[in-house]
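Survey of secondary and tertiary structure
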Amino acid sequence: MVDTSLYAAFVVAALALCLSPGPDMLFIVAMGGRGGPATGVMAAVGVATGAFVHALAAMLGLSALFTSLPALYHALRWAGAAYLVWLAVKAFRDRSDTLAEGSGGTTAGAPRPARARAFWQGMVTNLLNPKVILFNVAFLPQFVNPGLGHVAGQLLILGVTLTVLGLLVDGTVGLLAGRLSHSLRRSRRFARALSVFSGTVFAGLAARLVVAPE
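Calculation rules
- Residues numbered from 1 in each chain as written.
- Predicted model: local features only at pLDDT ≥ 70, side-chain atom pairs only at ≥ 80, totals over all residues.
- Heavy atoms only, no water.
- Axes fitted to C-alpha atoms, helices over the stretch in contact; angles between N-to-C directions.
- Helix = DSSP H or I, 4+ residues; strand = E, 2+ residues; numbered from the N terminus.
- Parallel < 35°, antiparallel > 145°, perpendicular 65-115°, else oblique.
- Left-handed = near helix turned anticlockwise from the far one by under 90°.
- Contact = heavy atoms within 4.5 Å.
- Nonpolar A, V, L, I, M, F, W, Y, C, P; charged D, E, K, R; others polar.
- Expected span 1.5 Å × (residues − 1).
- Buried < 20%, exposed > 50% of the residue type's maximum accessible area, 1.4 Å probe, protein only.
- Arc of directions from axis to C-beta.

**What about the packing of helix α3 (residues 37–60) against helix α7 (residues 130–139)?**
- Two elements in contact, α3 and α7, have axes separated by 9 Å at closest approach and are oriented at 50°. On the basis of their axis angle, the class for α3 and α7 is oblique. Between α3 and α7 the crossing geometry is right-handed. Only Val132, Ile133 and Asn136 of α7 make contact with α3, whose side of the interface consists of His54, Ala55 and Ala58.
- Considering only residue class, the contact of α3 with α7 consists of four nonpolar, two polar and no charged.

Now the structure itself:
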C-alpha cells in the first residue's frame, strides 16, 4: 500500500524530527522530572495518543477546516496556551512535589492518579496545539504516492509510524528524566527547583504557542 522507497525516507526524516528537542519533549522532561520514570512514560503515551488523533484528523481531511475557518485555529491555539498557563501555575504553587511522591517517597509508590493525570495532560497539551495538525498536513503528504491509490490508508500508515517513533523516543526521554530526578529528589531544595523548572517550561510553551509565527 506504500511506496517502500518513500517510506524508508519517511522513517529517516521522522526519526530525525522525533530526536530533535521540541515542545513535547520539554513537556515530558518536566513531567518525568516531577513525577518519576513512570509518570514521564505516561506523559509520553499521552502525547503519542494526541499525535495519533492528529494523524487521523489529517487522514480524514479535517485539517482543511483551519483554512476555511481561521477563527477555529486561533480559538484552539489560545485554548492550548491557557491550558499550559494553568499547568504552569499549578507547578509554581506545588513546591512540595506532591505529584511525584507517594507515601513512601519512592517512584514505585507514586499514586496512580498522578500517572493518569500525566497521561491526560500530555494528550490534551498535544491536542490543543493546532500547529501539530498543520505540521501533519504539510509533512505526511510528501511521502504519499497517489499512483498506488489508497491515499487515506497511506496517510494512516505514515501517521502510525510517526506516532510509534515518537513514543519510543519520548518514552525513553521521560524514563531517563524520571530516573535522574528520582536520585536527586531527596533534596527538598531540588524538589522545589523541579517545580519551578516545570512551571517555567509550561509557561514558555504557552508563550511559544501564542507568539510563534503561524
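**Quick word on helix α1 (residues 4–19)**
- Helix length check: α1 (16 residues) gives 22 Å between terminal C-alpha atoms against 22 Å at 1.5 Å per residue, within 8%.
- Listing the buried residues of α1 in full gives Phe10, Ala14 and Cys18. Down the axis, α1 shows its buried residues gathered within 60° of arc, on one side only. Along α1, the residues that are exposed and aim more than 90 degrees away from the buried face are Ser5, Val12 and Leu19.

**Quick look at the packing of helix α2 (residues 23–35) against α3**
- At a minimum axis distance of 6 Å, the contact between α2 and α3 shows a crossing angle of 150°. Here α3 runs roughly antiparallel to α2, going by the angle between their axes. By crossing handedness, the relation of α2 to α3 is classed as right-handed. Contacts between α2 and α3 involve Asp24, Phe27, Ile28, Met31, Gly32 and Gly35 on the former and, on the latter, Pro37, Thr39, Gly40, Ala43, Ala44 and Val47.
- Per-class residue counts for the contact of α2 with α3 are seven nonpolar, four polar and one charged.

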